[in-house]
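Examining the three-dimensional arrangement
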Amino acid sequence: MSTKTLKQVMQWRQLIDTLLDENQYADIVLKGGYFINVITREIYVADVALKGEHVLMVGDASKLIGPNTQVEHMEGKFIAPGFIDSHMHFESAMLTVTEFSRLSIPTGTTTLIADPHEIGNVLGVVGMKAMVDEAKTLPNRVLYTVPCLTPDVPGLETAGYDVNSKDMEELLTDSYVQGIGEIQGFANVRPVFKHAPEIITDQLASVAFAKSIGKTVEGNCPGLYGEDLAAHIISGGTHISCHETTGKEEMMEKLRYGITVFMREGSSQRNMAECIRAITEEGMDSRRAVLVSDDMVPEDLLKYGHMNDIVRRTIAQGVDPVEAIQMATINPATHFGFQHIGVLAPGKIADIAVISDLTQMTIEQVYLSGKKVAEKGKLVIDLPRYVYPDTVKNSVKRKPLKIEELYIQGSGSQARVRALEVIPDQNLTGKKECTLNVRDGIIQPCLQQDVLPIFVVERHGRTMNIGKTFAHGFKIKEGAIAESVAHDTHNIIACGTNYEDILTAINRVIAMDGGIAMIKDGKVVGDLPLRVGGLMTDELSGEEMSEKIAELHRQAKEELGCGIHVPFMHLSFVSLVTSPEWKITDMGLVEVDTYTVIPTVIS
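Residues numbered from 1 in each chain as written. Predicted model: local features only at pLDDT ≥ 70, side-chain atom pairs only at ≥ 80, totals over all residues. Heavy atoms only, no water.

**Here's the deal with unusual backbone geometry**
For residues other than glycine, phi is negative in most cases, and the peptide bonds are mostly trans. Residue Thr-150 is joined to Pro-151 through a cis peptide bond whose omega torsion reads -10°. Tracing the backbone shows Pro-151 in the loop between β8 (141-146) and α5 (168-172). The peptide bond linking Pro-580 to Glu-581 adopts the cis configuration, its omega dihedral lying at 0°. Within the secondary structure layout, Glu-581 lies in the loop between α18 (567-573) and β27 (582-585). (Helix = DSSP H or I, 4+ residues; strand = E, 2+ residues; numbered from the N terminus.)

**Digging into helix α13 (residues 307-316)**
The buried fraction of α13 amounts to 8 of the 10 residues, a majority that puts the element mostly inside the structure. For α13, the complete set of buried residues consists of Met-307, Asn-308, Asp-309, Ile-310, Val-311, Arg-313, Thr-314 and Ile-315. Next to the buried residues of α13 lie β6 (83-88), β7 (109-114), α10 (272-275), β13 (289-292), α14 (321-326) and β15 (362-368). Two residues or fewer after α13 comes Gly-318, characterised by a positive phi angle close to 100°. (Buried < 20%, exposed > 50% of the residue type's maximum accessible area, 1.4 Å probe, protein only. Contact = heavy atoms within 4.5 Å.)

**Description of the UniProt feature "domain: Adenine deaminase C-terminal" (unreviewed entry) in the protein chain**
According to UniProt, the positions carrying the feature "domain: Adenine deaminase C-terminal" (unreviewed entry) are residues 428-594. As annotated, residues 428-594 comprises 22% helix and 34% strand, and the C-alpha atoms at either end are separated by 16 Å. (UniProt positions renumbered as here; feature names shortened; annotations may be inferred.)

**Brief notes about helix α3 (residues 97-104)**
Each α-helix turn comprises 3.6 residues. Residues three or four places apart therefore point the same way. With 7 of 8 residues buried, α3 lies mostly within the body of the structure. Of the residues making up α3, those classed as buried are Val-97, Thr-98, Glu-99, Phe-100, Ser-101, Leu-103 and Ser-104.

**Re the sheet that holds strand β10 (residues 216-217)**
Backbone-to-backbone hydrogen bonds join strands into a sheet, with any given pair of strands oriented parallel or antiparallel. Strand order across the open sheet formed by 5 strands is β6-β7-β8-β9-β10, with parallel pairing between neighbours. Lying at the two open borders of the sheet, with one neighbouring strand each, are β6 and β10. Bridge count between strand β9 (residues 177-180) and β10: 2 bridges; the pairing is parallel. Following the sheet pairing, Gly-179 is matched in β10 by Thr-216. Against the sheet, helix α4 (residues 117-135) engages β8 and β9, with an angle of about 165° to β8. (Pairing = 2+ DSSP bridges. Axes fitted to C-alpha atoms, helices over the stretch in contact; angles between N-to-C directions.)

**Details of the side chain of Ser-92**
Looking at the secondary structure, you find Ser-92 in helix α2 (residues 90-93). Look past the residues within four positions of Ser-92 in its chain and what remains in contact with it is Asp-295, Met-296, His-487 and Met-569.

**Some thoughts on the environment of Thr-429**
Inspection of the secondary structure puts Thr-429 in strand β19 (residues 429-439). A C-alpha to C-alpha distance of 21 Å links Thr-429 and His-89, two positions 340 residues apart in sequence. Contact partners of Thr-429, with chain neighbours within four places excluded, come to Glu-421, Ile-423, Val-574, Pro-580, Glu-581, Trp-582 and Lys-583. In this structure the side chain of Thr-429 is engaged in a polar contact, spanning 2.4 Å, whose partner is the backbone oxygen of Trp-582. (Polar contact = N/O pair within 3.5 Å; in protein donor to acceptor, adjacent residues only side chain to side chain.)

**Focus: the packing of aromatic side chains**
Under the criterion given, the structure shown has 9 aromatic pairs. Here the aromatic rings of Phe-336 and Phe-338 are separated by 5.3 Å at their centres, their planes lie at 20°, and the arrangement is stacked. Under the relative-accessibility criterion, Phe-336 is labelled buried at 5%. With relative accessibility at 16%, the residue Phe-338 sits in the buried group. With a centroid separation of 5.3 Å and 80° between ring planes, the pair formed by Tyr-407 and Tyr-499 is classed as edge-to-face. Of the two residues, Tyr-407 sits in the loop between β17 (378-379) and β18 (414-422) while Tyr-499 sits in helix α16 (residues 499-511), which places them 92 residues apart along the sequence. Relative accessible area serves as the criterion here: at 3%, Tyr-499 is assigned to the buried category. Cluster of aromatic residues (ring-pair linked, three or more members): Phe-90, Phe-100 and Tyr-144. (Phe/Tyr/Trp six-rings, centres within 6.5 Å; stacked < 30°, edge-to-face > 60°.)

**Topic: the nonpolar core**
Counting 75 residues, the largest nonpolar core has Phe-90, Tyr-144, Ile-180, Tyr-388, Ile-454, Phe-474 and Val-574 as its most contacted members. At 9 residues, α4 tops the list of elements feeding residues into this core. Not counting the four nearest positions on each side in its chain, Phe-474 is found in contact with Val-422, Asp-450, Ile-454, Cys-495, Cys-562, Gly-563, Ile-564, His-570, Leu-571 and Val-574. With 61 residues, the next largest nonpolar core counts Ala-196, Ala-328, Ile-330 and Val-577 among its residues. (Core = buried A, V, L, I, M, F, W, Y, C linked by side-chain atoms within 4.5 Å.)

**Considerations on the pattern of salt bridges**
It is possible for side chains bearing opposite charge to pair when their charged atoms get close. For the structure shown, the criterion picks out 37 salt bridges. Close ionic contact of Lys-51 with Asp-27 constitutes a salt bridge, the shortest N to O distance being 3.4 Å. Of this pair, Lys-51 sits in strand β2 (residues 42-51) while Asp-27 sits in the loop between α1 (3-20) and β1 (28-37), and the two are 24 residues apart along the sequence. The exposure class assigned to Lys-51 is buried, which follows from its relative accessible area of 12%. Between Arg-312 and Asp-309 there is a salt bridge, with its nearest N and O atoms 2.6 Å apart. Of this pair, Arg-312 and Asp-309 both sit in helix α13, 3 residues apart, roughly one helical turn. Here Arg-312 falls in the partly exposed class, since its relative accessible area comes to 25%. Using a relative accessible area of 4% as the deciding quantity, one classes Asp-309 as buried. Because the salt bridges share partners, they merge into one network encompassing Lys-248, Glu-274, Arg-277, Glu-281 and Glu-282. (Salt bridge = Lys/Arg side-chain N within 4 Å of Asp/Glu carboxyl O.)

Here's what the structure looks like:
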């Protein structure tokens, strides 16, 4: 019998002895609160008794209160399981796991399922294992779903490391790895089947191995129906999720196919309000509906909250509060096969959110494994800062550029060009054609049409490519923005009103060894070094980062006249080549549906 099994036997015996021996008592009793039963979808008055890490019982716990029992009076408050965020990326918050948790735990989120494919694209196995190592130092539950393929679209983009089935054994056998993350490589089913069938075979090898050792697999199937959707489901081993669902009809189709729909409600991509209509309008069963954040900025975490805010917004769409809470507790626990969290019942782990206002989702207290860790929005435990090793820093392997490398050339006095179109609050993009002026053989930006040059500069030292095209919808009036956060291969992406400021912004990011830079008239108006993989910082706390991002957002609006909110996150997603229609990578302008690079200049 293993040490882990023996420990479990001893814990269960202790719980039984405490319940039946009149001389033994609970450690903590949450007394007289409104208990939220996510199993039966009920609310009723009950005590919750805790012993060590576990729930002893729910009901009348008067006999379990002894002279040393800590009694927390819960009259008028609601007791719920701690929330689970089933799909998120620490890298999108640009924070370490520790600093994200510092902001998240007081909001009632006790479990995080993170996909590290951002750092996986940059640094491969080394980067992902570094994030797993950090999770092992924390009191909250942090698990990972790792990519089985980087880059997502080989041949159309360049990553720093090529992950495939060869890496699965090393990654998946770690106990902190829940399974394989979003299988983006087969998101565009028909183009991949036609142009890159080897991706399917390799993915199936990874999935089969994952299933053989009891790991889960997550899907990624935006806009798929019928045969295409069925093929994607099978490619993930038949039990998958999807966080890229954007509307009611798509939600209904996926629920009918047995997919667990992760309804995304993050900082820049918000799909819950449309997806939830399948439940509120069509009366569909909500057991496979799960709330997730996907990508959040620290400013939103600090200002609005985390999963509690997403639950609150779901309630505002007309969903019963207990049903909404199920979508962040028992529903994800069921999807992942978690036996000990997501519900509060005898013997389960005591991860608890105490709620003072049910409709506003105001979190009064948070317990992790039976220990109070937060109260009134503040941590009551010490959470030391975490510093990453040098092995995940110094990731920008690119020398400063020259202006001539950026020019998009044309002939005559005007040029007909293609431009990708930004869609606010979505990672989908549109497509547009427009006419721009040409001066001295260089195609000029047009602020009146809001058509600006956009570039992706390969930074991993593998190809030295520079992808060039135009973008519509960023609403930048002056200067330029560049950053080393550009989904999913995280090369340097830059957009602006003139070539000179774009060049300066790119070179500033290179000089910082990754980060965000805003330039106006050749001068830095705001920047942020991100030295961990060019994606995150271990130099700022969660609150400091929140203040810094808020400052950068203000500078983008006031100094550059940028008219789109969370501009850095929106900019980072126009290189995500797994979602339609046109995207930019270091290879150039990519037409997603045809799996091809197309010319920017038409004539």
